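Summary of structural features
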Amino acid sequence: MWGGRFAEGPAAVMREINASIPFDKRLWKQDIAGSKAHVAMLGKQGIVSAEDAATISAGLDQVAEDYAANGVAEDLTLEDIHMQTEAKLAALIGPVAGRLHTARSRNDQVATDFRLWVRDAIDETLTALGALREALLTRAEEHADSVMPGFTHLQSAQPVTLGHHLMAYHEMIVRDASRFADARARMNQCPLGSAALAGTGFPVDRHMTAAALGFDAPTRNSLDAVSDRDFAIDYLQAATNCSLHLSRLAEEFVLWASQPFGFVALSDQWSTGSSIMPQKRNPDAAELVRGHAGRIMGCMTSLMVTMKGLPLAYSKDMQDDKPPVFEAHDLLALSIAAMTGMIQSATFRTERMRGVAEAGFSTATDLADWLVRVGGIPFREAHHITGRAVKLAEEKGVMLHQLSIDDLTGIDARIDDSIYDVLSVDASVASRVSFGGTAPANVRAAIATARGLRP
């Protein structure tokens, strides 16, 4: 490629360290698309003849067919997907293939290809997150009334519904989807035509190529266009946030599937056994999703550290921009698919959940609230009274609602029989009707809203 300047070829190690074809071959569809848009513009602008433009475009179609059928060969002498495509094109149509690179550089070419790939990756992720959201909505609707313990500090706190718990993760996934959508909107400008760094003297029509590739507009600064990888970092940041949410949900499944909890049974599809202990049903898929989050976070850190000290414009360090993005994409796609499958197929043991909610004095706050609301007692005093009731229930080995009225009036004479209306877990969750609360009616309204229906 640069034989006119160099008398000797690169050393073997140089050839290997310099080549990116082992990983950037994943960009072949985007490289073909970008090249076809570029040559169509060259032909329209008269920069190359209409005949040559048509020949090149037809040749690119043949190259694409070959890639689709046979894959992309990892020829290190051709360095990257761009040179690989140009070489295959030349073998098919001859020297006219050399006109394709008129008015562009590999710098704006790879920046365009990579943006196209990340944009496609975001679209795939949004589709996958849509399926995950639907799985959460379906199971939340099924369990809008199912009582479970809500935790703080992993201690039983207040009863909630399983539907409300699942909808909490739905809210997280909605935000994740919005981050990916925001990243897509922000990155949707086309670098093609920026050339190496300074633009080009040829009369190119950058708006034409941008429109042909589905971009909103061309980038506004050629230096920024070829040296920017914000779009890839934005993608990795969104992927990291999403993976953290998936990891939290995976951790809950790991805990819930354990014998001490017993809240969920994972299907055979999403469990594994032990090589030595035949009784085991291990939540390996959930554990791997949890582990993937760390790797995805590492991918984000890797690219940010690569970019942190680079002067304008392009530096070869930036060749290492793609492996962390590709790795994060693959891990995130697996994680989303695994969590979607686990949620769809899980058997929730709602009686066990209810039993734990009832056993943990989780309606203590309801007792305190009743004292405030009905008895007119300041909350801090009500908190103290409730603490004494919990202590008495512990001493007697009973639940709060199993204390007799004599027990309760012995603690405070202002308590009467109506206290039992709030001490059951069902009454507790039904009373939490504040916007965003756990009441079954709220959960159903939230699900309807999420599906675009009238609540």
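The structure presented is a predicted model; accordingly, all values stated were derived computationally and were not measured.

Re the overall build of the protein
A count of helices and strands for the protein gives 18 helices and six strands. Relative to the 2.2 N^0.38 estimate, which gives 23 Å for 455 residues, the radius of gyration of the protein is 30 Å and therefore markedly larger than a compact globule would have. Here the analysis covers contacts within the protein between residues at least 6 apart in sequence; of these, 76% occur between residues at least 24 apart. When the accessible surface of the protein is split by element, carbon and sulfur atoms take 54% of a total near 21300 Å².

As for the packing of helix α3 (residues 28-44) against helix α6 (residues 106-142)
The contact between α3 and α6 brings their axes to 9 Å, and the two run at 125 degrees. Taken together, the axes of α3 and α6 are oblique relative to one another. For the crossing formed where α3 meets α6, the hand is right-handed. On the side of α3, the interface is formed by Gln-30, Asp-31 and Ser-35, while α6 contributes Gln-109, Asp-113, Leu-116, Trp-117 and Asp-120. Split by residue class, the contact of α3 with α6 holds two nonpolar, three polar and three charged.

Description of the pattern of salt bridges
Throughout the structure, instances matching the rule amount to 26 salt bridges. The partner of Asp-176 in a salt bridge is Arg-179, and the shortest N-O contact between them spans 3.0 Å. Separated by three residues within a single helix, Asp-176 and Arg-179 lie in helix α7 (residues 162-187), roughly one turn from each other. Residue classification places Asp-176 among the buried positions, given a relative accessible area of 0%. For Asp-321, the salt bridge identified is with Arg-229, shortest N-O distance 2.5 Å. With Asp-321 in the loop between α11 (284-307) and α12 (322-345) and Arg-229 in the loop between α9 (222-227) and α10 (230-257), this residue pair connects regions lying 92 residues apart in the sequence. Three or more residues are tied together by salt bridges with common partners; here these are Glu-79, Asp-80 and Arg-106.

Some details on helix α14 (residues 364-373)
Among the residues of α14, Ala-364, Asp-366, Leu-367, Ala-368, Trp-370 and Leu-371 are the ones counted as buried. Packed against the buried residues of α14 are α15 (379-396) and α17 (425-431).

Observations regarding a nonpolar patch on the surface
Together, Leu-197, Leu-223 and Leu-312 give the surface a local cluster of nonpolar side chains, amounting to about 270 Å² of exposed area. Here Leu-223 shows up in helix α9.

Some remarks on the side chain of Gln-109
Mapped onto the elements, Gln-109 comes out in helix α6. Its relative accessible area of 3% is what places Gln-109 among the buried residues. Excluding residues that lie within four positions of it along the chain, Gln-109 makes contacts with Asp-31, Ser-35, His-82, His-101 and Arg-104.

Focus: the environment of Ala-445
By secondary structure assignment, the location of Ala-445 is in helix α18 (residues 440-450). Along the backbone, Ala-445 and Glu-141 are 304 residues apart, and their C-alpha atoms lie at a distance of 9.8 Å.

A word on the packing of α6 against α18
Two quantities define a packed helix pair, namely the angle between the helix axes and the distance between the axes. Contact pair α6 / α18: the axes reach a minimum separation of 10 Å and the direction vectors enclose 150 degrees. Between α6 and α18, the angle is such that the two are roughly antiparallel. Our pair here, α6 against α18, has a crossing hand that is left-handed. Contact residues: α6 offers Arg-133, Leu-137, Ala-140 and Glu-141, while α18 offers Val-443, Ile-447 and Ala-450. For the contact of α6 with α18, the per-class residue count stands at five nonpolar, no polar and two charged.

Digging into the side chain of Asn-107
Along the chain, Asn-107 turns up in helix α6. A distance of 3.0 Å separates the side chain of Asn-107 from the backbone oxygen of Ala-196, its partner in a polar contact.

A short note on the environment of Val-398
Along the chain, Val-398 turns up in the loop between α15 and α16 (405-411). Residues Val-398 and Arg-414, 16 residues apart in the sequence, show an inter-C-alpha distance of 22 Å. When near neighbours in sequence (up to four residues on either side) are disregarded, Val-398 contacts Phe-361, Ala-393 and Leu-403.

Remarks on α6
The end-to-end C-alpha separation of α6 is 54 Å, in line with the 54 Å expected for 37 residues at 1.5 Å each. The N-capping residue of α6, defined by a side-chain oxygen 2.9 Å from the backbone nitrogen of Asn-107, is Ser-105.

Details of the pairing of strand β1 (residues 147-152)
Each regular strand displays side chains that alternate between the two surfaces of the sheet. Bridging between β1 and strand β2 (residues 155-161) involves six bridges; their strand directions are antiparallel. Note that in β2 the partner of Gly-150 across the bridge is Gln-158. Counted along the chain from β1 to the antiparallel partner β2, the turn is two residues long, and its residue His-153 has a positive phi close to 60 degrees.

Structural notes on the state of the cysteines
Simply put, disulfide is the name for a covalent bond between the sulfur atoms of two cysteines. On inspection of all chains with the given rule, the structure shows zero disulfides. Free cysteine Cys-299: the closest other cysteine sulfur is in Cys-242, separated by 14 Å.

So, how was this worked out
- The residue count restarts for each chain, going from 1 along the sequence in the order it is written.
- Given that this is a predicted model, residues contribute local features only at a pLDDT of at least 70 and side-chain atom pairs are listed and counted only at 80 or more, while totals for whole chains, interfaces and linings are drawn from all residues.
- Excluded from the side-chain calculations are hydrogens and water; all other atoms, namely the structure's heavy atoms, are used.
- Counting from the N terminus, the helices are the DSSP runs of H or I reaching at least four residues and the strands are the DSSP runs of E reaching at least two.
- Throughout, radius of gyration means the C-alpha value; the globule benchmark is 2.2 Å times the number of residues raised to the power 0.38.
- Any two residues whose heavy atoms approach within 4.5 Å are treated as being in contact.
- Only the protein chains shown count as cover for residues, and the accessible areas themselves come from Shrake-Rupley with a 1.4 Å probe.
- For helices, the fitted line uses only the C-alpha atoms of the stretch in contact; every axis is such a line through C-alpha atoms, and the angle between N-to-C directions lies from 0 to 180 degrees.
- The cut-offs work like this: below 35 degrees is roughly parallel, past 145 is roughly antiparallel, 65 to 115 is roughly perpendicular, and the gaps in between are oblique.
- Handedness of a crossing is defined here by the sense of rotation of the near helix relative to the far one, left-handed for an anticlockwise turn of less than a right angle and right-handed for a clockwise turn.
- Note on residue categories: nonpolar means Ala, Val, Leu, Ile, Met, Phe, Trp, Tyr, Cys or Pro, charged means Asp, Glu, Lys or Arg, and polar means any other residue, Gly included.
- We count a salt bridge whenever a side-chain nitrogen from Lys or Arg sits within 4 Å of a carboxyl oxygen from Asp or Glu.
- Working definition: with a 1.4 Å probe on protein chains only, accessible area under 20% of the residue-type maximum means buried, over 50% means exposed, and in between means partly exposed.
- Surface patches are drawn from residues lacking salt bridges whose relative accessible area is over 30%; two like charges belong together within 9 Å, two nonpolar side chains (Val, Leu, Ile, Met, Phe, Trp, Tyr) within 5 Å.
- In protein, a polar contact requires one atom able to donate a hydrogen and another able to accept it; more generally it is a pair of N or O atoms within 3.5 Å, and residues adjacent in sequence count only if both atoms are side-chain atoms.
- Working rule for helices: expected span equals 1.5 Å times residues minus one.
- What makes two strands pair is DSSP finding at least two bridges between them.
- Disulfides are defined in this document as cysteine sulfur pairs within 2.5 Å.

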